[in-house]
Amino acid sequence: MSELRWNPLVGEWVATATHRQERTFLPPADFCPLCPTKPGGFPTEVPENDYDIVVFENRFPSLQSNPPVPAIEGTDLYKVRPAQGVCEVLLYTPHHAGTLTDEPVEQIYKLIRVWTDRFKELGALRFVNYVFIFENKGEAIGVTLHHPHGQIYAYPFIPPRIERELEQSLAHRARHGSCLLCDVVAEERRDGRRIVALNNSFVAFIPFYARWPYELHICSRRHLQALTDMTETEQLDLAAMLKMVLAAFDRLFNLSFPYMMVIHQRPTDGGNYDHYHFHIEFYPPLRTATKLKYLAGSETGAGLFINDTLAEEKASELRAHIAPVV
Ligand SMILES: [Zn+2]
Ligand SMILES: [Zn+2]
Ligand SMILES: [Zn+2]
């Protein structure tokens, strides 16, 4: 059973997905469902003996291309719609141990090309208006499978956080005649204190308005809206930038750094979004090597994040761990 239920109080959808309760939870390494099926072994999600990067539909999807009829009828106040969409799992590598950080730049570049391909293909589906590519990494984030992987949710609507960024970008352009994020990048570069890393095509910084101590944003230096707008050089530079910041994250506390990584691109509903600007956001939950930041009353109930740290200080800390990639 799954459906979308409307919250009229905040004007947002909530997805119910009760079948997800049965999903695999932290299996032992020999029973990883994301490892290639071994000869004579039990069948995993991936039948081939070996693979490079694989994408398949999530076995426990929150959204489905042929969704069930909602189990409950909507009313004027409580709108209900089928949970239509697509949920995919994206395996970065056949190797169980390790993380994206351990992959060479060439493998990360390949992953970026797969992201681009999925964005194009899922975005072209009639019922998909937004393709959301993300990774949850680490048990601190609630990850149930350790095999290095990310996910893609293709939504039937533009999710609220993106809608907010689109509105702000549009309003900024109307007021100033320029792109909001191009102006943010220019200001960060002028100031310099929050910049963590820079290459020919991308800039990584802890934004002035960071909500998490080590929140990091990667912005394209050229004004573009999606992975599909990038040149091959830009995609290679993005791979190098990801490798650089992921390695710095792991060096920070000398541990495999947990995070949520989300890719913010234009919607795929056919509208014109040339006021929007591609970026990737990381929200790591750690405040220190052993302390987590929790989303408590103010964050969850009021929407005001309390960040106990200053972006300028955290950026200089992280910058000290940046090393060129080979
Ligand atoms: Zn595995
Ligand atoms: Zn821009
Ligand atoms: Zn964003």
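As a reminder, the structure under discussion sits directly above these lines.
Rules and cut-offs
Residues numbered from 1 in each chain as written. Chains lettered and ligands numbered in written order. Predicted model: local features only at pLDDT ≥ 70, side-chain atom pairs only at ≥ 80, totals over all residues. Heavy atoms only, no water. Helix = DSSP H or I, 4+ residues; strand = E, 2+ residues; numbered from the N terminus. Rg over C-alpha atoms; globule rule 2.2 N^0.38 Å. Buried < 20%, exposed > 50% of the residue type's maximum accessible area, 1.4 Å probe, protein only. Contact = heavy atoms within 4.5 Å. Areas by Shrake-Rupley, 256 points an atom, 1.4 Å probe, with all protein chains shown as cover. Lys, Arg positive; Asp, Glu negative; His and termini not counted. Charge placed at Lys NZ, Arg CZ, Asp CG, Glu CD. Expected span 1.5 Å × (residues − 1). Arc of directions from axis to C-beta. Donors = N, O, S within 2.8 Å, 3.2 Å for Na, K, Ca; no water. Pairing = 2+ DSSP bridges. Axes fitted to C-alpha atoms, helices over the stretch in contact; angles between N-to-C directions. Salt bridge = Lys/Arg side-chain N within 4 Å of Asp/Glu carboxyl O. Tetrahedral: all angles 85-135°; square planar, octahedral: opposite > 155°, others 65-115°. Polar contact = N/O pair within 3.5 Å; in protein donor to acceptor, adjacent residues only side chain to side chain.

### So, the overall build of the chain
Each helix and strand counted, the chain has 6 helices and 12 strands in total. Scaling as 2.2 N^0.38, a compact globule of 326 residues should have a C-alpha radius of gyration of about 20 Å, and the chain matches this with 20 Å. Here the C-alpha coordinates of the chain stretch approximately 55 × 55 × 40 Å along the principal axes. Residue burial in the chain is summarised as follows: out of 326 residues, 49% are buried. Intrachain contacts of the chain at a sequence separation of at least 6 include 66% that bridge at least 24 residues. Counting every atom, the chain has about 16000 Å² of accessible surface; 53% of that belongs to carbon and sulfur. When the 32 basic and 40 acidic side-chain charges of the chain are each reduced to a single mean position, those positions are 3 Å apart.

### Focus on helix α2 (residues 160-176)
Between its first and last C-alpha atoms α2 spans 24 Å; for 17 residues at 1.5 Å apiece the expected length is 24 Å, and the two agree. Regarding α2, the residues found buried are Ile162, Glu165, Leu166, Ser169 and His172. All buried residues of α2 project into a common sector of 130° when viewed along the axis, lining one side. Turned more than 90 degrees away from the buried face of α2, the exposed residues are Arg164, Ala174 and Arg175. Against the buried residues of α2 lie β6 (130-137), α3 (180-191), β11 (259-264) and β12 (279-283). Directly after α2, the chain includes Gly177, whose backbone phi takes a positive value near 75°.

### Some points on the coordination of the zinc ion (ligand 3)
Those donors, Glu165 (OE), Glu165 (OE), His264 (ND1), His279 (NE2) and Glu281 (OE), are the protein atoms that reach the zinc ion (ligand 3), and they lie 1.9 to 2.6 Å from it. Look at where the donors of the zinc ion (ligand 3) fall in the sequence and you get E-x98-H-x14-H-x1-E. Of the two residues, Glu165 is situated in helix α2 and His264 in strand β11; the sequence distance between them amounts to 99 residues. The same class applies to Glu165 as to His264, namely buried.

### Let's talk about the sheet that holds β11
Pairing is antiparallel across the open sheet formed by 9 strands, whose spatial order is β3-β5-β7-β6-β11-β12-β10-β9-β8. Bordering the open sheet on either side are β3 (54-57) and β8 (195-198), each of which pairs with just one other strand. Direction aside, the axes of adjacent strands within the sheet are offset by 20° on average. Of the pairings in the sheet, the one linking β3 to strand β5 (residues 86-91) comprises 4 bridges and is antiparallel in character. Looking across to β5, one finds that Glu57 is bridged to Glu88.

### Things to note about helix α6 (residues 311-319)
The α-helix advances 3.6 residues per turn, and as a result positions three or four apart in sequence lie on the same side. Those residues of α6 lying buried are Ala311, Lys314, Ala315 and Leu318. What you see down the axis of α6 is that its buried residues fit within an arc of 105°, all on one side. Tucked into the core, α6 has its buried residues touching β8, β10 (216-220) and α4 (232-252).

### With respect to the pattern of salt bridges
Using the criterion set out here, one finds 17 salt bridges in the structure. A single salt-bridge network, built from bridges that share partners, covers Glu188, Asp191, Arg193, Arg194 and Glu312.

### Some words on the pairing of strand β1 (residues 2-7)
Taken together, the 6 bridges between β1 and strand β2 (residues 12-17) define a ladder with antiparallel strand orientation. Bridged to Arg5 within β2 is Val14. Connecting β1 to the next strand, β2, in antiparallel fashion are 4 residues, including Gly11 with a positive phi near 70°. By the bridge criterion, 2 bridges tie β1 to strand β4 (residues 80-81) in an arrangement that is antiparallel. The residue of β4 that forms the bridge with Leu4 is Arg81.

### Description of the coordination of the zinc ion (ligand 2)
Each donor-metal-donor angle in an ideal tetrahedron of four donors is 109.5 degrees, and each such angle in an ideal octahedron of six donors is either 90 or 180 degrees. Taken together, Cys179 (SG), Cys182 (SG), His223 (ND1) and His277 (ND1) make up the full set of protein donors to the zinc ion (ligand 2), lying 2.0 to 2.3 Å away. Each of the 4 donor atoms around the zinc ion (ligand 2) contributes to a set of angles spanning 103 to 114°, which defines the coordination as tetrahedral. In primary-sequence terms, the residues that donate to the zinc ion (ligand 2) follow C-x2-C-x40-H-x53-H. On the criterion of sequence distance, the pair formed by Cys182 in helix α3 and His223 in the loop between β10 and α4 is long-range, its members being 41 residues apart.

### Topic: the side chain of Lys314
The topology assignment puts Lys314 in helix α6. Classification of Lys314 as buried rests on a relative accessible area of 11%. Here the side chain of Lys314 touches Tyr214 through a polar contact of 3.1 Å, side chain to side chain. Among the polar contacts made by the side chain of Lys314, one reaches the side chain of Glu317 at a distance of 2.9 Å. Ignoring anything within four residues of it in the chain, the contact list for Lys314 reads Ile206, Pro213, Tyr214 and Thr309.

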